[in-house]
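Spelled out, the chains give:
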Amino acid sequence: MTGKTMANESLLDELEDTLAHGTVARRVETLRKVTDLFADGAADFADDQIALFDDVFACLIDHIETSARMLLANRLAPLDRAPPRTLLRLADDDAIEVAGPVLSKSERLDDAALIRTAETKSQAHLLAISIRRVLSRAVTDILLRRGNEAVVHSTVSNPGADLSERSFDTLVDRAALDENLAACLAMRPNLPRHLYLKLVSKASATVRARLEAANPNLAQEVSSAVRTAGRRARSSAVALTSETEIAHALVRSLRADGRLDDRLLGQFAEQRKFDEANAAIAAMAKVPVAVAESIMIESRAEGVMILAKVAGLSWPTVVSIILMRDELAGAAPTDLVACKATYERLRRSTAQQVLRFHRVEDAANSARA
């Protein structure tokens, strides 16, 4: 019999006696010894041995104080093969000093456990979850829905957090009143292009209102400065995600092959593919993508119709673009009946003149920037 085996049997005998007759202090000391034994050999234990430790920890942690549970949580949280049932009990602890290390570090917790905690526990528990190395969309959705300002900012700032487009959309609306959140969102590399533009638009409106209130005599100059800042933001490298660049490359390829037409543009719009639709209408109207974006975002539906008329688009395709724009921008529904009458009256030569003005204004603003 080896020395290690004899030590293990001695410890098990001590555990049995402790559970039957021991004081709280003795239980804590036994827990420390069991924890040391597990941490030293965790990598080599078989599943049935880990299950045995799970049973042992379960017997002990019900009868020890918070500080001892906290020490146990800190020891077990980083271990890849920590006893799973023990981790669940620690993660579910009302005391954040116990639950926090497990919620923030343990890779053994699955989404079901994290979701259960996120739905029921305190903001401190949510904050601990928000700093995990990886967060699924299912978990981040709950953190953003239930979390306070600190939790939301922490989640958005976490590069390992996978945010759904629905969450992004909600956050962009919140960012209109929260400059720090707007900054966090703008730094996320996977923020969809149309939501980045919406963020710039909403944040600019907030800044404009504040500046105009402080300087009422300079309202016109302030408004112009904000529009220029918005153009700079849209043209900056950080605004172009890899998804946007891929979409633009796809449209360039389709155009080069002669496959870019009214029908395909309508499909992009119907599928709410803003990047592809915007690049397509820019290509068909023979304007830079930045100019098309400026018209799509800063103007009302009339801007869309100007682009569409120059591109020679059919009315059904124009409708699809307007509906996409309204939905992605969270705007009130456009009066399509009035728009149709305007589109039918609009001459292509007039639309081309307006578009030339936009191109000249954009070039002048770019030169000043």
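As the structure is a prediction and not an experimental result, all values here were calculated from the model.

Asker: Help me understand the overall build of the protein chain, please; the structure alone is not making it clear to me.
Answerer: Of regular secondary structure, the protein chain possesses 22 helices and zero strands. Among the 369 residues that make up the protein chain, the fraction classed as buried is 46%. Per element, the accessible surface of the protein chain, about 18700 Å² overall, is 54% carbon and sulfur.

Asker: Could you clarify how one ought to interpret the packing of aromatic side chains in this entry?
Answerer: Note on aromatic pairs: each is described by the distance of the centres and the angle between the planes. Here the structure, examined in full by the defined rule, presents six aromatic pairs. Geometrically, the ring pair formed by phenylalanine 38 and phenylalanine 57 is edge-to-face, given 6.3 Å between the ring centres and 80° between the ring planes. Placement of the pair is phenylalanine 38 in helix α2 (residues 24-41) and phenylalanine 57 in helix α3 (residues 47-61), with a sequence separation of 19 residues. Pair check on accessibility: phenylalanine 38 and phenylalanine 57 agree, each one buried. Feature note: the residues Phe38, Phe45, Phe53 and Phe57 constitute an aromatic cluster, connected by ring pairs. The cationic tip of lysine 309 hangs over the ring face of tyrosine 343; the distance from NZ or CZ to the ring centre is 4.2 Å.

Asker: So what exactly am I meant to see when it comes to unusual backbone geometry here?
Answerer: Residues apart from glycine generally show negative phi values, whereas peptide bonds are mostly found in trans. For arginine 272, which is not glycine, the phi dihedral falls at a positive 60°. Relative to the helices and strands, arginine 272 resides in the loop between α16 (262-270) and α17 (274-285). Its relative accessible area of 27% is what places arginine 272 among the partly exposed residues. Even without a glycine there, the phi angle at lysine 286 is positive, about 60°.

Asker: Before we go on, may I ask you to explain helix α7 (residues 111-120) in this structure?
Answerer: A turn of α-helix holds 3.6 residues, and therefore any two residues three or four places apart point the same way. Among all positions of α7, only Ala113, Leu114, Thr117 and Ala118 are buried. With its buried residues spanning 125° around the axis, α7 presents them on a single face.

Asker: Any chance you could explain the pattern of salt bridges here in plain terms?
Answerer: When charged atoms on two side chains of opposite charge get close, those side chains can pair. Here the structure, examined in full by the defined rule, presents 14 salt bridges. For the salt bridge of arginine 133 with glutamate 107, the shortest nitrogen-to-oxygen distance reads 3.2 Å. In this pair, arginine 133 is assigned in the loop between α8 (123-130) and α9 (137-146) and glutamate 107 in the loop between α6 (96-105) and α7, connecting sequence segments 26 residues apart. For arginine 137, the salt bridge goes to aspartate 162, with nearest N and O atoms at 3.1 Å. Here arginine 137, found in helix α9, pairs with aspartate 162, found in the loop between α10 (149-157) and α11 (165-175); they are 25 residues apart in sequence, far enough to count as distant. Counted as one network, the salt bridges with shared partners bring together Arg32, Asp36 and Arg75.

Asker: So what exactly am I meant to see when it comes to the packing of α8 against α10 here?
Answerer: Geometry of a packed helix pair, given as the angle between the helix axes and the separation of the axes. The N-to-C vectors of α8 and α10 enclose an angle of 10°; their axes lie 9 Å apart at closest approach. Classified by the angle their axes make, α8 and α10 are roughly parallel. Side by side, α8 and α10 meet where Gln123, Leu126, Leu127 and Ser130 of the first sit next to Ala150, Val151, Ser154 and Thr155 of the second. For the contact of α8 with α10, the per-class residue count stands at four nonpolar, four polar and no charged.

Asker: It is not clear to me how the side chain of serine 320 should be interpreted in this structure. Could you clarify?
Answerer: Mapped onto the elements, serine 320 comes out in helix α20 (residues 315-329). Of the residues examined, serine 320 reaches a relative accessible area of 9% and is grouped as buried. When neighbours within four sequence positions are excluded, serine 320 is seen to be in contact with Gly266, Ala269, Glu270 and Arg272.

Asker: Help me understand the packing of α16 against α17 in this model?
Answerer: Contact pair α16 / α17: the axes reach a minimum separation of 8 Å and the direction vectors enclose 155°. Taken together, the axis directions place α16 and α17 in an arrangement best described as roughly antiparallel. Like other packed secondary-structure pairs, α16 and α17 cross with a definite hand, here left-handed. Residues Asp262, Leu265, Phe268 and Ala269 of α16 pack against Glu276, Ala277, Ala280, Ile281 and Met284 of α17. Considering only residue class, the contact of α16 with α17 consists of seven nonpolar, no polar and two charged.

Asker: Got a minute to help me understand the environment of threonine 117 in this structure?
Answerer: The residue threonine 117 is located in helix α7 in this model. On the basis of relative accessible area, threonine 117 is assigned to the buried category, the value being 4%. For the pair threonine 117 and leucine 88, spaced 29 residues apart in the sequence, the C-alpha separation amounts to 9.8 Å. Residues contacting threonine 117, with those up to four places away along its chain left out, are Ala91, Leu103, His125, Leu126 and Ile129.

Asker: Please clarify how the nonpolar core should be interpreted in this entry.
Answerer: Generally speaking, soluble globular proteins have nonpolar side chains that are buried together. Among the nonpolar cores identified, the biggest contains 56 residues, and Val156 and Leu185 are the most heavily contacted of them. Contacts of leucine 185, omitting those with residues within four sequence positions, involve Val156, Phe168, Leu171, Val172, Ala175, Leu191 and Leu199. Counting residues in hydrophobic clusters, the runner-up holds 42 residues, among them Leu265, Ala282, Ile306 and Ala351.

Criteria and cut-off values
Residues numbered from 1 in each chain as written. Predicted model: local features only at pLDDT ≥ 70, side-chain atom pairs only at ≥ 80, totals over all residues. Heavy atoms only, no water. Helix = DSSP H or I, 4+ residues; strand = E, 2+ residues; numbered from the N terminus. Buried < 20%, exposed > 50% of the residue type's maximum accessible area, 1.4 Å probe, protein only. Areas by Shrake-Rupley, 256 points an atom, 1.4 Å probe, with all protein chains shown as cover. Phe/Tyr/Trp six-rings, centres within 6.5 Å; stacked < 30°, edge-to-face > 60°. Lys NZ or Arg CZ within 6 Å of the ring centre and 35° of its normal. Arc of directions from axis to C-beta. Salt bridge = Lys/Arg side-chain N within 4 Å of Asp/Glu carboxyl O. Axes fitted to C-alpha atoms, helices over the stretch in contact; angles between N-to-C directions. Parallel < 35°, antiparallel > 145°, perpendicular 65-115°, else oblique. Contact = heavy atoms within 4.5 Å. Nonpolar A, V, L, I, M, F, W, Y, C, P; charged D, E, K, R; others polar. Left-handed = near helix turned anticlockwise from the far one by under 90°. Core = buried A, V, L, I, M, F, W, Y, C linked by side-chain atoms within 4.5 Å.

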